[in-house]
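Chain by chain, the residues:
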Amino acid sequence: MSTPIQLALAVGGPGLTSLAEADAVASTAEQAGIAAIRLADRTTTGRVLDPSVVAAYLAGRHGGVGYLPVLPTTGNAPYNAARRVLSLDRATAGRAGVVLRPGRGDEVSEASVPVPAATDPARRWSEYARVLTRLWESFPRAALVGDQHSGVVVEDSLIQAIRHEGEFYRVAGPLDGPSSVQGRPVLAADLGVLDPVAVAAVADVVVVEHGHAAGTDAVLTQALRLAGRDRGEVTLLGRVKVSRADVAPGLEQRLRSWADEHLLDGLELVPDSAETAITALRALTPRPPAPTLRAAYGLRDVRAVLA
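Values in this document were obtained by computation on a predicted structure and should not be read as measured data.

Asks: Can you walk me through a nonpolar patch on the surface in this structure?
Replies: Taken together, the side chains of Leu19, Leu49 and Tyr57 present a nonpolar region at the surface, about 230 Å² in accessible area. Inspection of the secondary structure puts Tyr57 in helix H2 (residues 51-61).

See the structure below:
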């Protein structure tokens, strides 16, 4: 199966995937060669562990798969979030990203918010996402010279402050560390909580629920065109819930057929347990790991842009 696959997990206390189970799932995911593991920041059935901490732990043990912690705008200043995600991306050699979830603001940003009356979560999400990507691009990898003979550590002419001032955020930048080998972390978004127009300007990966997949490709294509982008710049994944009963001979072919029917680029599998996750992953044809997370999703390489 050539379509990229990511697996969704909620790691935490009773009723959720334990850290030990997540470790076993990540090992199987690495062997299967899937693109990434998405790590939830909340559930309705139990308390989750911090997904960025879980991602760092799992990445230290299983580095051949990507990690996508979910990050809400609520309580997370964009500069701090950009640094945290970029640190994970560098540590994993370009196998990290983030699922940005819309919400409220944070006490750091609200101390200097440009437009205090602005509250719309979708507009906040769009601005936050633009700030993240611009910060990730503010210190390109090529700027880190490290030449002992000349005494030049960085080429500061390549590092650019973003000087952003919008409705919700005022961020000067730049970041204090270079981009990873994949150029910048992958930015993912969920349709349903956000509409295609909101995500079209900046998202790399877009996820649509199983029951809403019909027609999404056409709507997203039009939204991307209006945003000055083309369909090839975004990977569209369809979210599929998987139970133990679903994992039977022919699973891979059924997934492929459904993705083809709705012009999806890949799939997000949501297993009902760690055991189901491992069984489903073992039912897939193994593929060699991609060199970066962007490559695993079939996204265009941004390194040339940031060099």
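Asks: I keep staring at helix H3 (residues 78-91) and nothing clicks. Help me out?
Replies: Since the α-helix advances by 3.6 residues per turn, residues separated by three or four positions end up pointing in the same direction. Helix length check: H3, at 14 residues, gives a terminal C-alpha distance of 20 Å against a target of 20 Å (1.5 Å per residue), a fit within 8%. Residues of H3 that are buried include every one of Pro78, Ala81, Ala82, Val85, Leu86, Leu88 and Asp89, and no others. Burial along H3 is one-sided: seen end-on, the buried residues are contained in an arc of 155°. On its buried side, H3 packs onto H2, strand E3 (66-72), strand E4 (97-101), helix H4 (107-110), helix H5 (121-137) and strand E8 (170-171). Ala93 lies just past H3 and shows a positive phi near 60°.

Asks: Help me out: how do you make sense of the packing of aromatic side chains in this one?
Replies: Any pair of aromatic rings gets described here by the distance separating the centres and the angle formed by the planes. Taken as a whole and judged by the stated rule, the model has 2 aromatic pairs. Between Tyr128 and Tyr169, the ring centres sit 5.4 Å apart and the planes meet at 85°, which makes this aromatic pair edge-to-face. You can see Tyr128 sitting in helix H5 and its partner Tyr169 sitting in the loop between strand E7 (164-165) and E8, a full 41 residues away along the chain. A relative accessible area of 0% places Tyr128 in the buried class. Arranged with centres 6.5 Å apart and planes meeting at 45°, the rings of Phe168 and Tyr169 form a pair that is tilted. Residue classification places Tyr169 among the buried positions, given a relative accessible area of 1%. By the ring-pair criterion, three or more aromatic residues cluster together here, those being Tyr128, Phe168 and Tyr169.

Asks: Explain unusual backbone geometry to me, please; I cannot follow it from the model alone.
Replies: Negative phi values dominate among residues other than glycine, just as trans dominates among peptide bonds. The amide bond that connects Gly173 to the next residue, Pro174, takes the cis arrangement and shows omega of -5°. Here Pro174 shows up in the loop between E8 and strand E9 (186-190). Its identity as a non-glycine residue notwithstanding, Ala93 has a phi of 60°, on the positive side. In this structure, Ala93 sits in the loop between H3 and E4. With relative accessibility at 42%, the residue Ala93 sits in the partly exposed group.

Asks: Even after reading the chapter, I still don't get the pattern of salt bridges, so can you show me in this structure?
Replies: Any two side chains of opposite charge can pair, given that their charged atoms come close. Evaluation of the coordinates by the stated rule reveals 18 salt bridges. A salt bridge links Arg83 to Asp176, with the nearest nitrogen and oxygen atoms 3.2 Å apart. Linking Arg83 in helix H3 with Asp176 in the loop between E8 and E9, this pair joins segments that are 93 residues apart in sequence. Here Glu137 makes a salt bridge to Arg184, at a shortest N to O gap of 2.1 Å. Taken as a pair, Glu137 in helix H5 and Arg184 in the loop between E8 and E9 lie far apart in primary sequence, 47 residues in all. Counted as one network, the salt bridges with shared partners bring together Arg38, Asp190, Glu209, Arg239 and Glu268.

Asks: What is the right way to look at the nonpolar core in this model?
Replies: In summary, soluble globular proteins display a tendency toward joint burial of nonpolar side chains. Counting 73 residues, the largest nonpolar core has Ile34, Tyr67 and Val199 as the members making the most contacts within it. By residue number, the principal contributor to this core is H5, which donates 7 residues.

Asks: It is not clear to me how the packing of helix H1 (residues 19-32) against H2 should be interpreted in this structure. Could you clarify?
Replies: For any two helices packed against each other, one specifies the inter-axial angle together with the distance between the axes. Between H1 and H2, whose axes approach to 10 Å, the crossing angle comes to 45°. Compared by their axis directions, H1 and H2 come out oblique. In this structure, the crossing between H1 and H2 has a hand that is right-handed. Here H1 contributes Leu19, Ala22, Asp23 and Ala26 to the contact with H2, which in turn contributes Val54, Tyr57, Leu58 and Arg61. Residue composition of the contact of H1 with H2, by class: 6 nonpolar, no polar and 2 charged.

Asks: Can you help me understand the pairing of E3 in this one?
Replies: On a regular strand, each side chain points to the face opposite its neighbour's, so the side chains alternate between the two faces of the sheet. Burial runs high along E3: 7 of the 7 residues are buried. Of the two faces of E3, the one lined by Gly66, Leu68, Val70 and Pro72 and the one lined by Tyr67, Pro69 and Leu71 are each fully buried. Two elements, strand E2 (residues 36-39) and E3, share 4 bridges in a ladder whose sense is parallel. Across the sheet, the residue bridging to Ala36 is Gly66, located in E3. This β-α-β element, E2 to H2 to E3, shows right-handed connectivity. For E3 and E4, the ladder comprises 3 bridges, and the chain directions are parallel. Note that in E4 the partner of Leu71 across the bridge is Leu100. In this fold, the crossover linking E3 to E4 by way of H3 has right-handed handedness.

Here is what the cut-offs are and how they apply
All residue numbers refer to positions counted from 1 along the written sequence of the respective chain. Predicted model: local features are reported for residues with pLDDT of at least 70 only, side-chain atom pairs are reported and counted for 80 or more only, and whole-chain, interface and lining totals are derived from all residues. The side-chain figures draw on all heavy atoms in the structure; neither hydrogens nor water molecules are used. Patch membership needs two things, relative accessible area over 30% and no salt bridge, and members are linked within 9 Å if like-charged or within 5 Å if nonpolar (Val, Leu, Ile, Met, Phe, Trp, Tyr). We get accessible surface area from the Shrake-Rupley algorithm with a probe of 1.4 Å; when it comes to residues, only the shown protein chains can shield them. Salt bridges, as used here, are contacts in which a Lys or Arg side-chain nitrogen is within 4 Å of a carboxyl oxygen on Asp or Glu. Numbering of helices and strands runs from the N terminus; a helix is a DSSP stretch of H or I covering at least four residues, while a strand is a stretch of E covering at least two. Residue count minus one, scaled by 1.5 Å, sets the expected span of a helix. A simple rule labels every residue: compare its accessible area, found with a 1.4 Å probe on the protein chains alone, to the largest value its type can have, and call it buried under 20%, exposed over 50%, or partly exposed in between. Taking the helix axis as origin, the arc is that swept by the directions to the C-beta atoms. When checking whether two residues touch, look at their non-hydrogen atoms; a contact exists if any pair is within 4.5 Å. Here a Phe, Tyr or Trp ring, Trp counted by its six-membered ring, pairs with any other such ring whose centre lies within 6.5 Å, and the pair is stacked when the planes are under 30 degrees apart, edge-to-face when over 60, and tilted otherwise. To qualify as a nonpolar core, a set must consist of buried Ala, Val, Leu, Ile, Met, Phe, Trp, Tyr and Cys residues joined through side-chain atoms within 4.5 Å. Lines fitted to the C-alpha atoms define the axes, with helices restricted to the stretch that makes contact. Angles between their N-to-C directions range from 0 to 180 degrees. Orientation labels follow simple angle bins: below 35 degrees gives roughly parallel, above 145 gives roughly antiparallel, 65 to 115 gives roughly perpendicular, and whatever is left gives oblique. Two helices crossing with the near one rotated counterclockwise from the far one by less than a right angle form a left-handed crossing, whereas a clockwise rotation gives a right-handed crossing. The classification used treats Ala, Val, Leu, Ile, Met, Phe, Trp, Tyr, Cys and Pro as nonpolar, Asp, Glu, Lys and Arg as charged, and all other residues, Gly among them, as polar. If DSSP finds at least two bridges between two strands, the strands pair. The definition of a right-handed crossover adopted here requires that, viewed with the strands pointing away, the path from the first strand over the helix to the second runs clockwise.

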